[in-house]
Every structure is written in structure tokens, then in C-alpha cells.
Amino acid sequence: MNTATTPSAPVPAGDYVHGYSPREGRRLGDQADILAQLLHGGTAYPAGSRVLELGCGIGAQTVHLLRSSPQAHIVAVDRSEESLAQARSRVAGFASHAQVEWHRADVYDLPFADGEFDHVFVCFVLEHLPDPRRALTGLRRVLRPGGTVTVIEGDHGSAFFHPDSASARSAIDCQVRLQAAAGGDAQLGRRVQPLLAGAGYDEVTVRPLTVYADGTRPALVEGFTRNTFIAMVASVRDKALAASLTTTAEWEQGIADLRRTAEVDGTFHYTFFKGVAVNPPSRARN
């Protein structure tokens, strides 16, 4: 496994509203594992192809890329050296001889040659960027003509549940507002198609990927409702209180009501959006 990391210090591209705590690292791992079949289904890259994973974070998605495309050459990029260190460790524990190259770089200033990659994979990254269209447009430079880009994003507007609760919806809205204040968009999933088309890609296809959990699906209740979604919302508690978006009593009620949806008679629904598009072979790049 190639563990080299480029030394250049990146320029910040946007704040990660959830932070970089060990708890957040565990949540990202739980999320990737419970959703692997849903999100990575149909995504496999040929042997020898060069695949850029943009915003690899702690490597939670990288191990699933390696599982589905073991002979591809993965080039993983993130702006956080700490996250890259965790990603290297995670991948080493999964497949010590995997072909992974690590780079610390900024999404808007990628240190790669024109057309260097056959495919690009972007998962849960655009939602944190102040200018996702610019990022997608820039990716066309390093993606060979005819190469593909895969984008996966969630949309907090797709979260609905039983028992319904205004307090629970208010807690979710706190994260939406905090992410917007940081320059991101927690409801970006609905924008995947127009963003790809607006960035100049052809053959844009977007599919909704729905997660539904109830008492008959205990693995999803635990892995997604509790350990992914509720944990994600709960992680912004201190920021929401500091920004005066809620009170302590209101917040605690909202989180309690969200947890109520994970009980045996509760239900929870959420939709991710997966877009695949092609870098046009002849059109002038924007």
C-alpha cells in the first residue's frame, strides 16, 4: 500500500459542521458499513483504472471502494492530515496491500495532471462546500474525456418519521441551519442532477436510494436511525446552543423524540441521491 502524502497545505474549502472527534469517526464508520450495499451497489471499477476519491475523510468509504474494485488504483484526497492518518490505518487493517495513494489537497486546487483519472467518486462531500458546482467543474480537468463521476449526497428534507414531532424536526433544522451558515447544504441531494449538468457533464443519471427502518429491520434501526442519523444530529448540540438556535430543554426534547422513532413501534425514512455522469469527450471545458 502506498502511504505517501503530499506535503502542500490546502486552503480550506468549507467547514465540516460535525467536527473531527473520535465519536464522529465511529459514526462515519457505522454509516459507511450499514449503507455499503445501498450506496455502492452497481459501482465497480475495472482493474488498472485510476479512481480519484475526493474527500476520503477517515477512509470509511475507501474500504468499500476497495471491496468492490480490488484491482483499481485508488487515489484518496482529503484536506485533513488527521483524517488521512485515520484513513491509512483503516485501509491497512482492511487490505494491507491495497493500491491506495494518499494526498492532502484542497478540492478547488487538485495537484493532478489533466485527464489523469478514469473515474471520480465523491460521497458526502459536496454538501459541505460553499461552491459545489465549481468543485464538480474543476474535477472535469483531472478526469479523462469519457470518464465517469459518481456523486452521492443525502437530503435532510427527506427525513420523516413516526411518531412525528415538531421538536424532532426542529433539532434536525438546527443542523441544516448550522451547515448553511458554514457554507454547506444539508439538503443538497435534490440538487445533484442540476449541479452535474451545470458543471458540463453528459449522460447525467440520478437515482434516489431510500432507507426505511422500522421494528422489523433492527439492523437498520440500530445502524442507521440511531448510530448514523440521530448521532449526526446530536453531534451539533453545542454549536446549536452557542448559536442560540435552540434552548437546552428544546434540544433535549427533540433528540428524545428522534430516539423515540427507533423504538419497536417507530419508523424512520431518509433518501440519498446517487448521480453518475460522463465527462464529455469533445466539448470545451468551462
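Look a little higher up for the structure.
Reading guide: rules and limits
- Residues numbered from 1 in each chain as written.
- Predicted model: local features only at pLDDT ≥ 70, side-chain atom pairs only at ≥ 80, totals over all residues.
- Heavy atoms only, no water.
- Phe/Tyr/Trp six-rings, centres within 6.5 Å; stacked < 30°, edge-to-face > 60°.
- Helix = DSSP H or I, 4+ residues; strand = E, 2+ residues; numbered from the N terminus.
- Buried < 20%, exposed > 50% of the residue type's maximum accessible area, 1.4 Å probe, protein only.
- Lys NZ or Arg CZ within 6 Å of the ring centre and 35° of its normal.
- Salt bridge = Lys/Arg side-chain N within 4 Å of Asp/Glu carboxyl O.
- Pairing = 2+ DSSP bridges.
- Contact = heavy atoms within 4.5 Å.
- Core = buried A, V, L, I, M, F, W, Y, C linked by side-chain atoms within 4.5 Å.
- Axes fitted to C-alpha atoms, helices over the stretch in contact; angles between N-to-C directions.
- Parallel < 35°, antiparallel > 145°, perpendicular 65-115°, else oblique.
- Left-handed = near helix turned anticlockwise from the far one by under 90°.

A.B. asks: So, the packing of aromatic side chains: which residues are in play, and what are the values?
C.D. replies: Per the counting criterion, the structure on display carries nine aromatic pairs. Between F112 and F117, the ring centres sit 5.0 Å apart and the planes meet at 85°, which makes this aromatic pair edge-to-face. Taking 5.6 Å as the distance between ring centres and 40° as the angle between the ring planes, the aromatic pair formed by F124 and F272 counts as tilted. One end of the pair, F124, is in the loop between β4 (117-123) and α5 (132-142); the other, F272, is in strand β8 (residues 267-278), with 148 residues separating them in the sequence. You'll find F124 and F272 in the same group, each marked buried. Taken together through their ring pairs, the aromatic side chains of F124, F161, F224, F229, F268, Y270 and F272 make up a single cluster. The ring of Y108 has R134 lying over it, and the distance from NZ or CZ to the ring centre is 4.2 Å. Here R140 stacks its cationic end above the ring of Y201, 6.0 Å away from the centre of that ring.

A.B. asks: Quick one: what's the story with the pattern of salt bridges, residue by residue and with numbers?
C.D. replies: Taken as a whole and judged by the stated rule, the model has twelve salt bridges. D238 is the partner of R237 in a salt bridge, and the nearest nitrogen-oxygen pair spans 3.0 Å. Salt-bridge contacts for R260 lead to D265; the nearest nitrogen and oxygen are separated by 2.8 Å. Look at the salt bridges and you will find they share partners, linking R50, E101 and E116 into a network.

A.B. asks: Residue-level account of the pairing of β8, with values.
C.D. replies: In terms of burial, β8 is a largely internal element, ten of the twelve residues being buried. In the sheet, strand β5 (residues 143-154) pairs with β8 via seven bridges, with the strands oriented antiparallel. Note on β8: the bridge partner recorded for V151 is G275. Pairing of strand β6 (residues 160-162) with β8, which is carried by three bridges, proceeds in the antiparallel orientation.

A.B. asks: Go over the environment of A186 with me, naming the residues and quoting the values.
C.D. replies: Relative to the helices and strands, A186 resides in the loop between α6 (166-181) and α7 (192-198). Once the C-alpha coordinates of A186 and I172 are considered, the two residues, 14 residues apart in sequence, prove to be 9.9 Å apart. Filtering out sequence-adjacent residues up to four positions away, A186 remains in contact with E127, G154, D155, H156, Q175, V176 and Q179.

A.B. asks: Got a sec to walk through the nonpolar core? Specific residues and values, please.
C.D. replies: F229, L258 and F272 are the most contacted members of the largest nonpolar core, which totals 45 residues. The greatest single-element share of this core, amounting to six residues, is contributed by α6. With residues up to four places along the chain from it excluded, the contact list for F229 reads H156, A159, I172, F224, F268 and Y270. A105, L110, V120 and V125 belong to the second-largest nonpolar core, a separate cluster that totals 30 residues.

A.B. asks: Before we move on, can you summarise unusual backbone geometry with the specific residues and values?
C.D. replies: For the bond from H162 to P163, the omega torsion is -5°, close enough to zero to count as cis. The phi torsion at E203 lies on the positive side, around 50°, for a residue other than glycine. As for its placement among the helices and strands, E203 is situated in strand β7 (residues 202-214). One non-glycine residue with positive phi stands out, namely S244, at about 60°. Checked against the element boundaries, S244 lands in the loop between α9 (237-242) and α10 (248-260). On the accessibility criterion, S244 (62% relative accessible area) is exposed.

A.B. asks: Got a sec to walk through the packing of α6 against helix α8 (residues 218-234)? Specific residues and values, please.
C.D. replies: The geometry of α6 relative to α8 is characterised by a closest axis approach of 9 Å and an angle of 70° between their N-to-C directions. The angle between α6 and α8 places the two elements in the roughly perpendicular class. Relative to α8, α6 is oriented so that their crossing is left-handed. Across the interface between the two elements, A171, I172 and Q175 of α6 pack against F229, M232 and V233 of α8.

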